[in-house]
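Here are the chains, one letter per residue:
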Amino acid sequence: MFKILKYLSKSKAAVAAIVSLLILQAYCDLALPQYAADIVDVGIGQGGIEYGVPERMRKETFDTVRMLMTADEEEALLAAYTAGGDDCYVLAKDADREALDASIGLPMAMLSMLSASEEMPWEVLGQMQENGTLTEEIKEEILKYRNSALESYGEMSDSMISQMAVNSVKAEYEALGMDTASMQTRYLLRKGSRMLGLSVLMMAASILAGLLAARTSAKIGRDLRGSLFHKVVSFSDAEMDRFSTASLITRSTNDIQQIQMVSVMILRMVLYAPIVGVGGVLKVVHTRTGMGWIIAVAVLAIMALVGTLMAVAMPKFKVMQSLVDRMNLVSREILTGIMVIRAFSREKFEEERFDRANNELMGTQLFTNRVMTIMMPAMMLIMNGITVMIVWFGAKGVDLGNLQVGDMLAFITYTMQIVMAFLMITMISIMLPRAGVAAERIEEVLGTEVTIHDKEQTLDKKLEHANGVLRFENVSFRYPGADEDALENIDFTANPGETTAIIGSTGCGKSTLIRLIPRYYDVTQGRITIDGVDIRDLSQHKLHELLGYVPQKGVLFSGDIESNLKFGGDFITDSDMEEAAQIAQAMEFIDSKPKRFQSEISQGGTNVSGGQKQRLSIARAIAKHPKICLFDDSFSALDYKTDVVLRKALHEKLSDATVLIVAQRISTILHADRIIVLDDGKVAGMGTHKELLADCEAYREIARSQLSEAELEGGRVS
């Protein structure tokens, strides 16, 4: 969770805008239930009359209401109304109706309640007041009757008293001949239009918040993919050995997708839920329904449900990502090795292996899905149970006169909003554990310390005009975690214009030696220099600029032949490309294609043969005019004739470059100026072909296994 919040903190402005929009959306969302309650209670129940304060009153009504007032209430009445010309009293336009409702509303309600009382001589009192003979004793008697009447209705809430006052106001309006139907219509239209406006505003805020959330999460995904890619590209072989290719692909795709999806959920739901929840609680408090305990019951039930489900499902979420890795690994191995699988008739075995990985993943996903599917029905059961409780206890309140129908409906809506807020948090809590695991896996890659990096001060300027003299000075190398050195005390010099060949039995360290030059690994002891400069003092970019590397396994990229041959940089011209293709003996099959250099190359070069792939790889390295050419057993797929012609072309065209060739076949290195024989990581011999035949037993064994007796005796060179 905190790692995801760290990613979100990089988009503070967008997050702040989203929070503002969510607050606006929540305000509109929380305001709508009250408007709906007003339409039910006031618009329909009270005929559109909102307060128990009439806009106009007849004189006799005005005088009667005064009799039912205390001195303070009477003072407020006289201040708010002025006598009109049609024997009526008119409410001032600037009067505070909400404040007046507390003082005038109660006497208006009493007017309705006491008018039916037979104990009050209303006609006599009216006459006495007209004659100005209403004494203090009679006033006290009237107030006594008012208090006794209020006591008889003591269980009534303020809202119910206000409703009775409104009924008196409505009766007064009808007595004055006012159109109460049009008043109700105007009220309904006014409230309805406000609801519509709030709904449109809420929709706009929701859409904008969703858009910003989607853009922010997409940006997070883009940045994480970019960071992960740049990190992996900077890895040496030591770091690549820690993570499998399948795992890195999963982390770059599936794991980042999980974080991106959860980021949207956080911005749209996790931030919105507390705003609505807190706002709903505040609204419920103001409804004064006396049913707040129902919300506490709902929240406790939801927390118990979520806690139980997460305790069961959380461990499985952590296992799921490793199973996805396993699934990707098996799938990748089967798809890339399909030819070998068929050749050995191992389809059935690989199908079973795939099924095991597939079923393990499916079983874990089914378990978590089954656990989580319980949540939604349980949530709906809680929500419906809460609704039934509210209706049950609310109906009792309505029956006793303590609660209005609209208030009960508003309370139901607010309660559902509070419950839905917890539900939204619960929904995100399902995804958070898996996203948390994904974030940890991504941080594991991003936090990996790169063992091979550039120094702060490099010596690139010393090799602006490099000659290409390559020197191994007592170099030893040991793989990370290994007990013994893979290479030990390697010491030789490879000069420009010369070909240095490396040969030896399988596993003797030939490819390891070549891979030390581009710093795929760093030497354990000794040093490697170019023109006397330690390659560790150069930037990796500058070092690779000097090298032309052809790996043991030719790698081509999707595109066309031209894009692959010009892979070394934009500075490679068409003439450079064609010359490199001629040297690599690739023009024959390139010219046979209708589109020549624009011919398509599929991913991995699967639409060309092994020999063609090697020739294109060699041409790609030559096209950049490197100072040092490294061929790691790069002629193994070539036929003997092509091998001879290619080596001759290399000798003629790369006369100023330093050439290192790792080979299995002696025929490939017969022309080499220097042959280094490796045996178990050590130099067993060094010299020309003839010198090694005479002096090096290890070389003679290799030669006897590949050359005829006549070739051995004559030292014939092809």
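Definitions and limits used
Once a new chain begins, its residue numbering starts again from 1 and follows that chain's sequence as written. Local features in this predicted model are restricted to residues whose pLDDT is 70 or higher, and side-chain atom pairs enter the listing and the counts only when it is 80 or higher, whereas totals over whole chains, interfaces and linings include all residues. In computing side-chain properties, one takes all heavy atoms of the structure into account and sets aside hydrogens as well as water. Two aromatic rings from Phe, Tyr or Trp, using only the six-membered ring of Trp, form a pair when their centres are within 6.5 Å; if the ring planes differ by under 30 degrees the pair is stacked, by over 60 it is edge-to-face, and anything between is tilted. Counting from the N terminus, the helices are DSSP H or I runs at least four residues long and the strands are E runs at least two residues long. With a 1.4 Å probe rolled over the protein chains alone, any residue whose accessible area is under 20% of its type maximum counts as buried; one over 50% counts as exposed, and the rest are partly exposed. Consider the ring centre and the ring normal. A charge sits over the ring if Lys NZ or Arg CZ is within 6 Å of that centre and within 35 degrees of that normal. What makes two strands pair is DSSP finding at least two bridges between them. Axis definition: a line fit to C-alpha positions, over the contact stretch in the case of helices; interaxial angles, taken between N-to-C directions, run 0 to 180 degrees. A patch is a set of surface residues, each over 30% in relative accessible area and not in a salt bridge, joined within 9 Å for like charges and within 5 Å for the nonpolar side chains Val, Leu, Ile, Met, Phe, Trp and Tyr. All accessible-area figures derive from a Shrake-Rupley calculation using a 1.4 Å probe, and residue coverage is judged against the displayed protein chains alone. Put simply, a salt bridge is a Lys or Arg side-chain nitrogen that is within 4 Å of an Asp or Glu carboxyl oxygen. Definition used in this section: a nonpolar core is a set of buried Ala, Val, Leu, Ile, Met, Phe, Trp, Tyr and Cys residues joined via side-chain atoms within 4.5 Å. The contact definition used throughout considers only heavy atoms, calling two residues in contact when any of these lie within 4.5 Å. Lining residues are defined by having an atom within 4 Å of a point belonging to a cavity or pocket. Those points lie on a 1 Å grid over the protein atoms alone, cavities being sets where a 1.4 Å probe fits but cannot get out and pockets being open sets with protein on both sides within 12 Å along at least five of seven lines. Grid points are joined across faces, edges and corners, and a volume is the space filled by probe spheres set on the points. The residue classification treats Ala, Val, Leu, Ile, Met, Phe, Trp, Tyr, Cys and Pro as nonpolar and Asp, Glu, Lys and Arg as charged. All others, Gly included, are polar.

Caption draft 1: Up close: the packing of aromatic side chains. If you walk through the whole model with that rule in mind, you get eight aromatic pairs. Taking 5.2 Å as the distance between ring centres and 90 degrees as the angle between the ring planes, the aromatic pair formed by Tyr479 and Tyr521 counts as edge-to-face. Residue Tyr479 is found in the loop between β4 (470–477) and β5 (487–494), and its partner Tyr521 is found in the loop between α17 (510–516) and β7 (525–530); the two are separated by 42 residues along the sequence. On the basis of relative accessible area, Tyr479 is assigned to the partly exposed category, the value being 30%. An angle of 70 degrees between the planes, with centres 5.6 Å apart, marks the rings of Tyr520 and Tyr549 as edge-to-face. Taken together, the residues Tyr520 in the loop between α17 and β7 and Tyr549 in strand β9 (residues 547–550) connect sequence positions 29 residues apart. What links up through ring pairs into an aromatic cluster is the set Phe62, Tyr81 and Tyr89. Arg346 extends its terminal NZ or CZ atom over the ring of Phe349, reaching a point 4.3 Å from the ring centre.

Caption draft 2: Quick peek at the sheet that holds strand β12 (residues 628–632). Spatially, the six strands line up as an open sheet ordered β9-β12-β13-β6-β14-β15, and their pairing is mixed. Edge positions in the sheet fall to β9 and β15 (682–687), since each has one partner strand and no second. With direction set aside, neighbouring strand axes in the sheet form an average angle of 15 degrees. With four bridges connecting them, strand β6 (residues 499–504) and strand β13 (residues 658–662) associate as parallel partners. From the neighbouring strand, Thr500 faces β13, where its bridge partner is Leu660.

Caption draft 3: Structural detail: a nonpolar patch on the surface. Judged by side-chain polarity, Leu196, Val200, Met203 and Ile207 come together as a nonpolar surface patch covering roughly 400 Å² of accessible area. Within the secondary structure layout, Val200 lies in helix α9 (residues 180–233).

Caption draft 4: Region of the structure containing the pattern of salt bridges. Scanning all chains against the criterion turns up 21 salt bridges. Across the salt bridge formed by Glu172 and Arg58, the nearest N and O atoms sit 3.0 Å from each other. Separated by 114 residues along the polypeptide, Glu172 in helix α8 (residues 158–175) and Arg58 in strand β1 (residues 56–58) bring together distant segments of the chain. With a shortest N-O distance of 3.1 Å, Asp223 and Arg222 are connected by a salt bridge. Under the relative-accessibility criterion, Asp223 is labelled partly exposed at 33%.

Caption draft 5: Spatial organisation of the nonpolar core. Counting 50 residues, the largest nonpolar core has Leu616, Phe631, Ile675 and Tyr699 as its most contacted members. For Phe631, the contacting residues outside a window of four places in its chain are Val550, Ile618, Leu650, Val659, Leu660, Ile661 and Val662. Within the second largest apolar cluster, 38 residues are counted, among which are Leu22, Ala273, Ala421 and Ile442.

Caption draft 6: Seen up close, empty space enclosed by the protein. Evaluated as defined, the whole model comprises one cavity of 30 Å³ or more. Taken together, Leu516, Tyr521, Asp522, Val523, Arg527, Ile528, Asp534, Ile535 and Arg536 form the lining of the largest cavity. Split by residue class, the lining of the largest cavity holds five nonpolar, no polar and four charged.

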